[in-house]
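Given next are the chains, with one letter for each unit.
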Amino acid sequence: MQFNDRTIVITGGTSGIGQCLARTLRDRRNEVIVLGRAGERLDRMAEEGFATVPCDLGDPSSIENAAHQLAQRWSRVDVLFNNAGVQYNYDLTSEVLPVGRIHREIDIDLSGQILFTQLMLPLLSRSDCAMIVNTTSGLGAYPKADGLVYSAAKAGMRSFTVGLRNVLRSTPIRVLELIPPVTDTGMTAGRDEQKMDPQAFVDITLPQLERERKIATTGQLRFFLLLTRSIPGLARRILEGK
Ligand SMILES: NC(=O)c1ccc[n+]([C@@H]2O[C@H](COP(=O)([O-])OP(=O)(O)OC[C@H]3O[C@@H](n4cnc5c(N)ncnc54)[C@H](OP(=O)(O)O)[C@@H]3O)[C@@H](O)[C@H]2O)c1
């Protein structure tokens, strides 16, 4: 699929990787609809000229409202980027996490995305060539000690991606996975490690998505995925910085 003259929905399009995706795809003559929580960041994207729809992925009624608004305003969607995400960091051995916090992280990173995807299927089905792109994480392939709930949610999204691809196999809807390495966005602010520029990540991976590679990512992250399967102990040491 070429990303030109498409109608594209991006969750988490208000900052970081999603914002770079939104601007890059708009520059390539696509109609880009940006989703994020209602607030200043979404307003700024509207001021930039993007169509915006408020959506809190941690709140099922907000997700249903967003899907309803999209169906009212657009007759079809060609591409859905399930890109929004949050990562909370903590040490599970020194504190008992409040259950509401666990639920919220899983809701935003997994359950909300599954619900939103289901609600988007009718609009995607009206495209003769549709695509769903789920942003997951290397931590969905091997968990990181200080982000176990995030890792579990991303592992769930990886599984959902493969399962949905199988379920939709006989339809024109392709289901792909986008895996960023550590990237310089709000999510990694304050982390003292080498980070990729989000625009560089988008520039590397968009052509892969156009070629419909099942996993769009960097060479280094592809190597990490291989390690998680073949030498998991080494993957763990890489994540521990050893
Ligand atoms: N940065 C990395 O190193 C890295 C690595 C691997 C994977 N990823 C994944 O890449 C994706 C994009 O992350 P990023 O690095 O670009 O982070 P980011 O700059 O923090 O952006 C996160 C986006 O998610 C949205 N979001 C947060 N809470 C939300 C909620 N409750 N409902 C709806 N939207 C919500 C935010 O929008 P609002 O605040 O406007 O609602 C924002 O646009 C995420 O799925 C993340 O897990 C990132």
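Residues numbered from 1 in each chain as written. Predicted model: local features only at pLDDT ≥ 70, side-chain atom pairs only at ≥ 80, totals over all residues.

### With respect to the overall build of the chain
Looking only at helices and strands, one finds eight helices and seven strands in the chain. For the chain, whose C-alpha radius of gyration is 17 Å, the value lies close to the compact-globule estimate of 18 Å for 242 residues. By principal-axis analysis of the C-alpha atoms, the chain measures approximately 50 × 35 × 35 Å. Buried positions account for 39% of the 242 residues belonging to the chain. For the chain, contacts bridging at least 24 residues in sequence account for 66% of all contacts bridging at least 6. (Helix = DSSP H or I, 4+ residues; strand = E, 2+ residues; numbered from the N terminus. Rg over C-alpha atoms; globule rule 2.2 N^0.38 Å. Buried ≥ 20, exposed ≤ 12 C-beta atoms within 10 Å, placed from the backbone. Contact = placed C-beta atoms within 7 Å.)

### What about the sheet that holds strand E6 (residues 173-179)?
Spatially, seven strands are ordered E3-E2-E1-E4-E5-E6-E7 in an open sheet, and the strand pairing comes out parallel. Whereas interior strands pair on both sides, the edge strands pair on one side only; in this sheet they are strand E3 (51-54) and strand E7 (215-217). Ignoring which end each strand starts from, the neighbouring axes of this sheet average 20° apart. Pairing between strand E4 (residues 79-82) and strand E5 (residues 130-135): four bridges, direction parallel. Within E5, the position partnered with Phe 81 by the bridge is Val 133. Packing against the sheet, helix H3 (residues 60-73) makes contact with strand E1 (7-11), strand E2 (31-36) and E3, and its axis sits at approximately 150° to E3. (Pairing = 2+ DSSP bridges. Axes fitted to C-alpha atoms, helices over the stretch in contact; angles between N-to-C directions.)

### Regarding the site of the ligand
Among the 30 residues in the neighbourhood of the ligand, the closest are listed as Gly 12, Gly 16, Gly 36, Gly 85 and Thr 185. Among the elements of the structure, helix H1 (16-27) and helix H2 (40-47) are those that each provide at least two residues to the shell around the ligand. Element by element, the count of residues in the shell around the ligand is highest for H1, at three residues. Partitioned by chemical class, the residues of the shell around the ligand number 10 nonpolar, 17 polar and three charged. (Near = placed C-beta within 6 Å. Nonpolar A, V, L, I, M, F, W, Y, C, P; charged D, E, K, R; others polar.)

### Topic: the pairing of E4
Here E4 shows a buried face lined by Val 79 and Phe 81 and a second buried face lined by Leu 80 and Asn 82. Pairing of E1 with E4, which is carried by three bridges, proceeds in the parallel orientation. Bridging from a neighbouring strand, Ile 10 pairs with Phe 81 of E4. Between E4 and its parallel partner E5, the chain crosses via helix H4 (residues 99-125), and the hand of that crossover is right-handed. (Right-handed = clockwise from strand over helix to strand, strands pointing away.)

### Regarding the pairing of E6
With six of seven residues buried, E6 is to be regarded as a mostly interior element. Where E5 and E6 come together, six bridges link them in parallel fashion. The residue of E6 that forms the bridge with Ala 130 is Ile 173. As a crossover connection, the stretch from E5 through helix H5 (residues 148-167) into E6 is right-handed. Pairing geometry for E6 and E7, over three bridges, is parallel. Paired with Leu 178 across the strands is Ala 216, a residue of E7.

### Here we look at the nonpolar core
One broad rule of soluble globular proteins: the nonpolar side chains tend to lie buried together. Core analysis: the largest hydrophobic core is formed by 57 residues, its most contacted members being Val 9 and Ile 10. Ranked by residues supplied to this core, first place goes to H4 with six residues. Sequence-distant contacts of Val 9, defined by excluding residues within four places in its chain, comprise Ile 33, Leu 35, Leu 70, Val 77, Leu 80 and Phe 81. (Core = buried A, V, L, I, M, F, W, Y, C linked by C-beta atoms within 7 Å.)

Take it as geometry only, folks, not as evidence of what the structure does.
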